[in-house]
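Here are the chains, one letter per residue:
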Amino acid sequence: MKRHIFLPLLTYPDATSEFMIANAVALARHMQATLTVCAVEITVPDVSNALSSLIIDAAQMARQAGALSRKRASVLTQKAVDEARAAAVDLRTRAIKVEEPFVVEALAEASRAYDLALLELAELSRPIVEAVLFGSGRPLILYPPAPFGGRMDNIAIAWDGSRAAARAAHDASVFLERASKVFLLSVIDEKPVTYETGDYLIENMLKSGVMAEATRVRAHGEPVGEVLQGKASEMRADLLVMGGFGHSRLREFVLGGATRAVLTSITLPVLLSH
């Protein structure tokens, strides 16, 4: 069954980088998947009043923001078309037009039609990342703003025996099946970890022809998210798989420590699943 990948092309206030487009095309080629790029064209509501118009022309600023968003949408879409054509990747294009405050909800909903969503980590895009992770019901690969090849040969799975970790491992199965090596990576001094379940998971992967082994590290008081990324990089992992943990309180997400660290800074692509 062919996989379908979703890449939102953000246009305001910051735009998706050309690195991210190249990364998405490379991944789609590696997976032999269909890539859908969705240009997000925003409109900014005019909230000007008599007082504000004496200081700034809010209506003009809203028009300028909308024009910039439309221009970026066109440029990024064409860049994706050119990259996909050069790589012989099956590309589909779509666009959504939405008022700026509602972008996060629109992208969480749009992601639900696809097998996998891709996003680039940036400070201003974090609300969108959280919305897609917790609201789409689909796994998400988060990329640093840097170029990466599409191959996912070595994969590290952050494993603590939890439901979230199990869900993430399952959602990463399309990558595990193709991997040369899989590491089940556990931090053993941060909280109690049930090793027996992980051992059974490794046994099942080995029986399925996936080369897998357990790797255990100590955090020594360092942030778990950083420890996991550091060890994954040390093992030359192309992808780190993690369960995204968080719960809603007064409409704001309270994140687990490792999830918070990943949503703040990453050094390699991270597949997150909630």
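See above for the structure.
The text that follows walks through the structure, step by step, so that each part is easy to find. Since this is a predicted model, take the numbers as computed values, not measurements.

## Some details on the packing of helix H4 (residues 103–111) against helix H5 (residues 126–135)
It is the contact of H4 with H5, at a shortest axis distance of 8 Å, that shows an interaxial angle of 40°. The two elements H4 and H5 meet at a crossing, and its hand is right-handed. Taken together, the residues of H5 that come into contact with H4 (itself represented by Val103, Val104, Leu107, Ala108 and Ser111) are Pro127, Ile128, Ala131, Val132 and Gly135. Of the residues belonging to the contact of H4 with H5, the class tally is eight nonpolar, two polar and no charged.

## Observations regarding the sheet that holds strand E8 (residues 212–217)
One open sheet accounts for 10 strands, arranged E3-E2-E1-E4-E5-E12-E9-E6-E7-E8; its pairing is mixed. What marks the edges here is a single partner per strand, and that holds for strand E3 (91–99) and E8. The mean angle between the axes of side-by-side strands here comes to 25°, regardless of whether they run parallel or antiparallel. Two elements, strand E1 (residues 4–9) and strand E4 (residues 116–120), share two bridges in a ladder whose sense is parallel. The residue bridging Ile5 from the neighbouring strand is Leu116, located in E4. Across the sheet, helix H3 (residues 58–87) lies against E1, strand E2 (34–43) and E3, angled at about 170° from E2, the strand it touches most. Packing of helix H8 (residues 195–207) onto the sheet brings it into contact with strand E7 (181–187) and E8, and relative to E8 it is tilted by some 150°.

## Digging into the pairing of E8
In terms of strand pairing, E7 meets E8 through six bridges, oriented parallel. Bridged to Ser186 within E8 is Arg216. For the crossover that starts at E7, traverses H8 and ends in the parallel E8, the hand is right-handed.

## So, the nonpolar core
Leu7, Leu27, Leu35, Leu118, Ile141, Ile155 and Phe175 are the most contacted members of the largest nonpolar core, which totals 43 residues. In terms of residue count, the dominant contributor to this core is helix H1 (residues 18–31) (seven residues). Setting aside its immediate chain neighbours within four residues, Leu118 contacts Ile5, Phe6, Leu7, Pro8, Met20, Ala24, Leu27, Leu140, Ile141 and Tyr143. Grouped together as the second largest cluster of nonpolar side chains are 42 residues, Val103, Tyr114, Leu142 and Leu185 included.

## Some points on empty space enclosed by the protein
Enumeration according to the criterion identifies one cavity of 30 Å³ or more in this entry. In this structure, the largest cavity spans a volume of roughly 40 Å³. Taken together, Trp159, Leu184, Ser186, Tyr195, Gly198, Asp199, Ala214 and Arg216 form the lining of the largest cavity. Of all the elements in the fold, those that place two or more residues in the lining of the largest cavity are E7, H8 and E8. Take the lining of the largest cavity: its biggest share by element is three residues, from H8. Class assignment for the residues of the lining of the largest cavity results in four nonpolar, two polar and two charged.

## A look at the packing of H1 against H3
How two helices pack is summed up by the angle between their axes together with the distance between the axes. Between H1 and H3, the least distance of the axes is 10 Å, while the angle of their chain directions is 35°. As for the relative orientation of H1 and H3, their crossing is right-handed in sense. Of the residues in H3, those in contact with Glu18, Ile21, Ala22, Val25 and Arg29 of H1 are Leu76, Lys79, Ala80, Glu83, Ala84 and Ala87. Residues belonging to the contact of H1 with H3 are distributed by class as follows: seven nonpolar, no polar and four charged.

Thresholds, definitions, all that
Per chain, residue numbering runs from 1 following the sequence as it is written. Local features in this predicted model are restricted to residues whose pLDDT is 70 or higher, and side-chain atom pairs enter the listing and the counts only when it is 80 or higher, whereas totals over whole chains, interfaces and linings include all residues. Water and hydrogen atoms play no part in the side-chain values, which are based on all heavy atoms of the structure. Only C-alpha atoms enter the line fits that serve as axes; for helices the fit covers just the stretch in contact. Angles between N-to-C directions range over 0 to 180 degrees. Each helix is a run of DSSP H or I of at least 4 residues and each strand a run of E of at least 2, with the numbering of both proceeding from the N terminus. Should the near helix be turned anticlockwise from the far one by less than a right angle, the crossing is termed left-handed; should it be turned clockwise, right-handed. By the convention used here, residues are in contact when the closest approach between their heavy atoms is within 4.5 Å. In this classification, the charged set is Asp, Glu, Lys and Arg, the nonpolar set is Ala, Val, Leu, Ile, Met, Phe, Trp, Tyr, Cys and Pro, and all remaining amino acids, among them Gly, are polar. Being paired, for any two strands, means DSSP has found at least two bridges between them. By convention, orient the strands away from the viewer: a clockwise path from the first strand over the helix to the second makes the crossover right-handed. Note on terminology: a nonpolar core comprises buried Ala, Val, Leu, Ile, Met, Phe, Trp, Tyr and Cys residues joined through side-chain atoms within 4.5 Å. For every residue, the accessible area obtained with a 1.4 Å probe (protein chains only) is divided by the maximum for its type, and the residue is called buried under 20%, exposed over 50%, and partly exposed between those limits. Computed over the protein atoms alone on a 1 Å grid, cavities are sets of points where a 1.4 Å probe fits but cannot get out and pockets are open sets with protein on both sides within 12 Å along at least five of seven lines; a residue lines them when it has an atom within 4 Å of a point. Grid points are joined across faces, edges and corners, and a volume is the space filled by probe spheres set on the points.

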